Amino acid sequence: MTTIREIAQLCGVSVATVSRVFNQPLTVSKEKREVVERVARELDYRPNESARALATKRSGLIGLVWDTDHRRPGWRHPYLQELLIGLKSALSAHGYHLLMLATSGSAALRAVGASLADPVAYVNMTRRHHLGGLVLIDSGSDAPAFAAFAQSGLPCVAVDVAVDGPRATYVTSDNVGGAAMAVRHLVDAGHRRIATVTGPRANRPAADRLEGFRAAMAEAGLALPPEYVVEGDFYRPSGQAAMRSLIALPEPPTAVFCAGDEMAVGALLAARHAGLRVPEDVAVVGFDDIELAALVDPPLTTLAQDKAGIGVAAARAVLTMVHGGEKPGPAFLPTRLVVRASSR
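The structure displayed is predicted, hence computed values, not measured ones.

Novice: I would appreciate a short explanation of the overall build of the protein in the present structure.
Specialist: Within the protein, the regular secondary structure consists of 13 helices and 12 strands. Burial status across the protein gives 49% buried among its 344 residues. Considering only residue pairs separated by 6 or more positions, the protein has 68% of its internal contacts joining residues 24 or more positions apart. Counting every atom, the protein has about 16,100 Å² of accessible surface; 55% of that belongs to carbon and sulfur.

Structure follows, in structure tokens:
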């Protein structure tokens, strides 16, 4: 393997100059930099990333904080799979890699006295890895840790969680506007009794979608009985249970907006089991546009999120801060109504 010392000898410069070319290129003149880079290419030199991290206290790693406990279903949600593809691709294009950070009280965390319940210790562990920055994906119970990360000074970008700090920002969809779009679509189709199946109320996207739903209902001058708002958890069984309760009402809704496609698929199943026709007896609209939405019978009308785009936006925001740029403001990616047979 070619060493940095050999490159220095061939170029007639010091070892320190070669090191600066790879770690602090702007501190070396253009002429010397071009010579060193040409020789390095000819010899197929690859910097030792471990040694570089120790020397510069920085690495080509971005940490991903996300609770992957197999007992919690979040890691299997289709929304997150596409988001992660976008995140990983955008980081790789700039020479960075993701390091998944264990949560849920793993043995590795216990060994250093860190857990999401002990956020200061957890932040210290991320620093020992010389991470360039962090991407935080909400699992529903990580608020204290996310607040600690946001205040740590390490570049942090949260997905679907409104964090703030010296070098912390967040990326999400326009959940309020998307939910309002769903209501307007149903109103335009002639519906007046419209119910909703929400996500967990403590979840930021779920709360925003409920806000958009309520605002659009008020704008249309439509009544919203309390029993027309049923809480789910973004997964299919909760959508089935919610739809069963709604169609059992003395005056059931003629349309249901579900705050997630998985719940909407559950609602479709419950309607079919009850002998109802969709959309003739009850229309259903979801949110996410997961792959399954176009495959169910009838195909599901939904609000499409740019899932991969959220991952790309998170990557760009964290790399902007890693490279010394100003903290970007929060990013709200637009949603798009995809009309299919479940609401026509």
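From this point on, the discussion continues.
Novice: Hey, could you run me through the packing of aromatic side chains in this one?
Specialist: Note on aromatic pairs: each is described by the distance of the centres and the angle between the planes. Taken as a whole, this structure holds 3 aromatic pairs when the rule is applied. Centre to centre, the rings of Phe213 and Phe257 are 6.1 Å apart; their planes meet at 15°, and the pair counts as stacked. Remark: Phe257 occurs in strand E8 (residues 255–258) and Phe213 occurs in helix H10 (residues 204–219); sequence separation between them is 44 residues. Over the ring of Phe287 we find Arg209; its NZ or CZ atom is 3.8 Å from the centre of that ring.

Novice: Would you take a moment to explain the nonpolar core for this structure?
Specialist: One recurring pattern in soluble globular proteins is that nonpolar side chains are buried together. Core analysis: the largest hydrophobic core is formed by 27 residues, its most contacted members being Val197, Met243, Leu246, Val256, Cys258, Val284 and Leu300. Of all elements in the fold, only strand E6 (194–198), helix H11 (236–247), E8 and helix H12 (261–273) reach the threshold of two or more residues within this core. Among the elements that take part in this core, H12 stands out by supplying 7 residues, more than any other. Judged by nonpolar contacts, the second largest core, of 26 residues, contains Leu64, Trp66, Leu83 and Leu319.

Novice: Quick question: what am I supposed to make of the pairing of strand E9 (residues 283–288) here?
Specialist: Note on strand geometry: in a regular strand, side chains alternate between the two faces of the sheet. In terms of burial, E9 is a largely internal element, 6 of the 6 residues being buried. In this sheet, strand E10 (residues 301–304) lies alongside E9 in parallel orientation, the contact comprising 4 bridges. Along E10, the bridge assignment pairs Asp288 with Ala304.

Novice: Would you take a moment to explain the side chain of Asn175 for this structure?
Specialist: Position of Asn175 among the secondary structure elements: in helix H9 (residues 175–188). In contact with Asn175, other than residues within four places in its own chain, are Pro205, Asp208, Arg209, Phe287 and Gln305.

Novice: Quick question: what am I supposed to make of the packing of H11 against H12 here?
Specialist: How two helices pack is summed up by the angle between their axes together with the distance between the axes. Viewed as axis vectors pointing N to C, H11 and H12 meet at an angle of 45°, and their least axial separation amounts to 6 Å. As summarised for this structure, H11 and H12 are arranged oblique, according to the angle between their axes. When you trace H11 past H12, the crossing you get is right-handed. For the pair formed by H11 and H12, the contact residues are Arg236, Ser238, Gly239, Gln240, Met243, Arg244 and Ile247 on the first element and Glu262, Met263, Val265, Gly266, Ala267, Leu269, Ala270, Ala271 and His273 on the second. Residues of the contact of H11 with H12, tallied by class, amount to 8 nonpolar, 5 polar and 3 charged.

Definitions and cut-offs
Residues numbered from 1 in each chain as written. Predicted model: local features only at pLDDT ≥ 70, side-chain atom pairs only at ≥ 80, totals over all residues. Heavy atoms only, no water. Helix = DSSP H or I, 4+ residues; strand = E, 2+ residues; numbered from the N terminus. Buried < 20%, exposed > 50% of the residue type's maximum accessible area, 1.4 Å probe, protein only. Contact = heavy atoms within 4.5 Å. Areas by Shrake-Rupley, 256 points an atom, 1.4 Å probe, with all protein chains shown as cover. Phe/Tyr/Trp six-rings, centres within 6.5 Å; stacked < 30°, edge-to-face > 60°. Lys NZ or Arg CZ within 6 Å of the ring centre and 35° of its normal. Core = buried A, V, L, I, M, F, W, Y, C linked by side-chain atoms within 4.5 Å. Pairing = 2+ DSSP bridges. Axes fitted to C-alpha atoms, helices over the stretch in contact; angles between N-to-C directions. Parallel < 35°, antiparallel > 145°, perpendicular 65-115°, else oblique. Left-handed = near helix turned anticlockwise from the far one by under 90°. Nonpolar A, V, L, I, M, F, W, Y, C, P; charged D, E, K, R; others polar.

The analysis is restricted to geometry; functional conclusions fall outside its scope.
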